[in-house]
Amino acid sequence: MLFTCSINEIRCALVVLIINEILSRIIMLLQKIICMNFISCCLSKVSGQFQDPNLNVYNVLNPSIRSVLSETLRRMDELEQQRDADRRMITDLGRRVADLETRHAQRLAEMTSNIDELTTENQRLHEKVGVLHNVLPGTQWSESTDNNNTTENSRKRELIITAKRLDHEISNIGVELRESQKDAPIKAVAFYAILAHENHDISQDSTIVFENIVINVGGHYSQFTGMFTSPLAGLYVFHWNVKSDFNSWVISELVRNGSALGTDLSTYPNSGSATAIAVLEIGDCVWVRITSNTAGAEVQPTFTTFSGFLLQPT
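Please read all numbers here as calculations on a predicted model, not as lab measurements. (Residues numbered from 1 in each chain as written. Predicted model: local features only at pLDDT ≥ 70, side-chain atom pairs only at ≥ 80, totals over all residues. Heavy atoms only, no water.)

**Focus on the sheet that holds strand β5 (residues 249–256)**
Sheet architecture is open: four strands sit in the order β3-β8-β5-β6, paired in antiparallel fashion. Every other strand in the sheet has two partners, leaving β3 (228–229) and β6 (259–267) as the edge strands with one partner each. Both β5 and β6 contribute to a ladder of eight bridges, which runs antiparallel. Among the inter-strand pairings, tryptophan 249 is bridged to a residue of β6, identified as threonine 267. (Pairing = 2+ DSSP bridges. Helix = DSSP H or I, 4+ residues; strand = E, 2+ residues; numbered from the N terminus.)

Here it is, written out as C-alpha cells:
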C-alpha cells in the first residue's frame, strides 16, 4: 500500500511540473510580446530625437524604462534556467517512476509465487493431518464410496485394531505388575551413569544422555535415552551433577514425566549439583534436561553424572 501511494505522489508531481512548464512558456511569450511592443513604442517616440544611425537606442531610453527592460530580460533568463531545471527533474522523476514500477512488478511476482508455495504446503500439511486423524485410536471411520481407497482404508483399520490390542495388552501388563508387586520381595533398584563425551549441541529442553553406566541394578536406566523407568512404586532418591565449560553457565532440572522435580545451576568453574526425592509409580520416567544456558555453552564429560536408587517401596 505504501509503495503504490509513492508512485501516485510522483505522478501528481509530474503533472504539476508539466503544468508549471506550460505556464512558464506562456508567461515568457507574453513578456516577449509586451517587451517588443514597448520597445517599438519607445523607438517611435524617440525617433525624432536623433539623426545618427549608429546611436545606441538603449542609451536614449528613459532610465526607468531601461530598468524595467533589464528586469524583464533578467526574469526571462531565470525562467529559461528554471525551465531547464524542470526538464531535468521531469526526466529524473520519469526514470524513478519506471524503476519503481519495475520493482513493484517484481515484488508482486515474488509475493504471488510465495502465496502459491504456501498454499501448496498448507494443502500438503492438511492432507497429513487428515491421515494422522485416521490412524489415531478412537477415530470414527467413514465408509468411502471410492473403490480406489478401499485397500488404504482396510490397512488403516488394521493399524487401529493392532494399536488398540497393544494398548490393551500394555494395560494388562501394568495391572499384572502392580498385582505381582504386592507379594514380591523387595528388590534393590539403583543406577549411576556418567556423561562420556563433551555435549556441544545443547538447547532448551534437550535431554542429557549419560551413556557411561557404572551401576545399573535391575537395568532400569537406559544409556540410549538417558531415562530411568520406575519398576516399583515407592520413594526414590536422585542426584545429578552438571559442569559447564569455560566462562559459561547451564541450568538443568530433574524431570518426572515432563514435570520438573528440581533445578540446578552450573557456573564455570564450579559444578552444579542437586538432590531430589520423589514418589514414583510403576512406569514413571525420570531424566535430566537443560532448561537454559549461555549461548554456545557446552556440558563437560566426566564431571557430569546422574544417579538414583529406591529408598522405600510403597
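The rest of the description comes next.
**Comments concerning unusual backbone geometry**
Of note, the amide linkage connecting tyrosine 268 to proline 269 takes the cis form, showing an omega dihedral of 10 degrees. Examined against the element boundaries, proline 269 turns out to sit in the loop between β6 and β7 (272–280). Even without a glycine there, the phi angle at asparagine 257 is positive, about 55 degrees. Among the secondary structure elements, asparagine 257 is positioned in the loop between β5 and β6. The class for asparagine 257 is partly exposed, based on a relative accessible area of 45%. For threonine 302, which is not a glycine, the phi torsion comes out positive at approximately 70 degrees. (Buried < 20%, exposed > 50% of the residue type's maximum accessible area, 1.4 Å probe, protein only.)

**With respect to the packing of aromatic side chains**
Each pair of aromatic rings is reported with the distance of its centres and the angle of its planes. One pass over the structure, following the stated rule, counts ten aromatic pairs. Seen from their ring centres, phenylalanine 191 and tyrosine 221 are 5.1 Å apart, and the 0 degrees between their planes marks the pair as stacked. Here the residue phenylalanine 191 occupies a position in strand β1 (residues 190–194), and tyrosine 221 occupies one in the loop between β2 (212–217) and β3, the gap between them amounting to 30 residues. Ring geometry for phenylalanine 191 and phenylalanine 228: centres 5.1 Å apart, planes at 15 degrees, overall stacked. Taken as a pair, phenylalanine 191 in strand β1 and phenylalanine 228 in strand β3 lie far apart in primary sequence, 37 residues in all. Like phenylalanine 191, the residue phenylalanine 228 is buried in the burial classification. Grouped by ring-pair contacts, the aromatic residues Phe191, Phe210, Tyr221, Phe228, Tyr236, Phe238 and Phe306 constitute a single cluster. Over the ring of phenylalanine 303 we find lysine 243; its NZ or CZ atom is 5.7 Å from the centre of that ring. (Phe/Tyr/Trp six-rings, centres within 6.5 Å; stacked < 30°, edge-to-face > 60°. Lys NZ or Arg CZ within 6 Å of the ring centre and 35° of its normal.)

**A closer look at the pattern of salt bridges**
Under the counting rule described, the total for this entry stands at eight salt bridges. Note that aspartate 92 and arginine 95 form a salt bridge whose closest N and O atoms lie 2.8 Å from each other. With aspartate 92 and arginine 95 both in helix α3 (residues 63–135), this residue pair falls three residues apart, about one helical turn. The class for aspartate 92 is partly exposed, based on a relative accessible area of 31%. Taking the shortest distance from any N to any O, the salt bridge between arginine 103 and aspartate 99 comes out at 3.9 Å. Of this pair, arginine 103 and aspartate 99 both sit in helix α3, four residues apart, which is roughly one turn of that helix. A residue is classified by how much of its surface remains accessible, and aspartate 99, at 39% relative accessible area, is partly exposed. (Salt bridge = Lys/Arg side-chain N within 4 Å of Asp/Glu carboxyl O.)

**As for the environment of glycine 308**
Locating glycine 308 in the fold gives a position in strand β9 (residues 305–313). Looking at glycine 308, the relative accessible area reads 7%, which means it is buried. Here glycine 308 is in contact with Val189, Ala190, Phe191, Val237 and Phe238, once residues within four sequence places are set aside. (Contact = heavy atoms within 4.5 Å.)

**Brief notes about the nonpolar core**
A general tendency of soluble globular proteins is for nonpolar side chains to be buried together. In terms of nonpolar packing, the biggest core is built from 27 residues, with Phe210, Phe228, Tyr236, Phe238, Trp240, Leu254 and Phe306 touching the most fellow members. Of all the elements in the fold, those that place two or more residues in this core are β1, β4 (234–242), β5, β7, β8 (285–293) and β9. Core analysis: the second largest hydrophobic core is formed by seven residues, Leu14, Leu93, Val97 and Leu100 among them. (Core = buried A, V, L, I, M, F, W, Y, C linked by side-chain atoms within 4.5 Å.)

**Section: the confidence of the model for the protein**
Mean pLDDT over the protein stands at 77; residues scoring 70 or higher make up 73%. The low-confidence segment residues 47–53, where pLDDT is below 50, has two contacts with residues more than four positions distant or belonging to other chains. Counting interchain partners and residues more than four positions distant, the pLDDT-below-50 stretch residues 137–145 has twelve contacts. (pLDDT = per-residue confidence, 0-100.)

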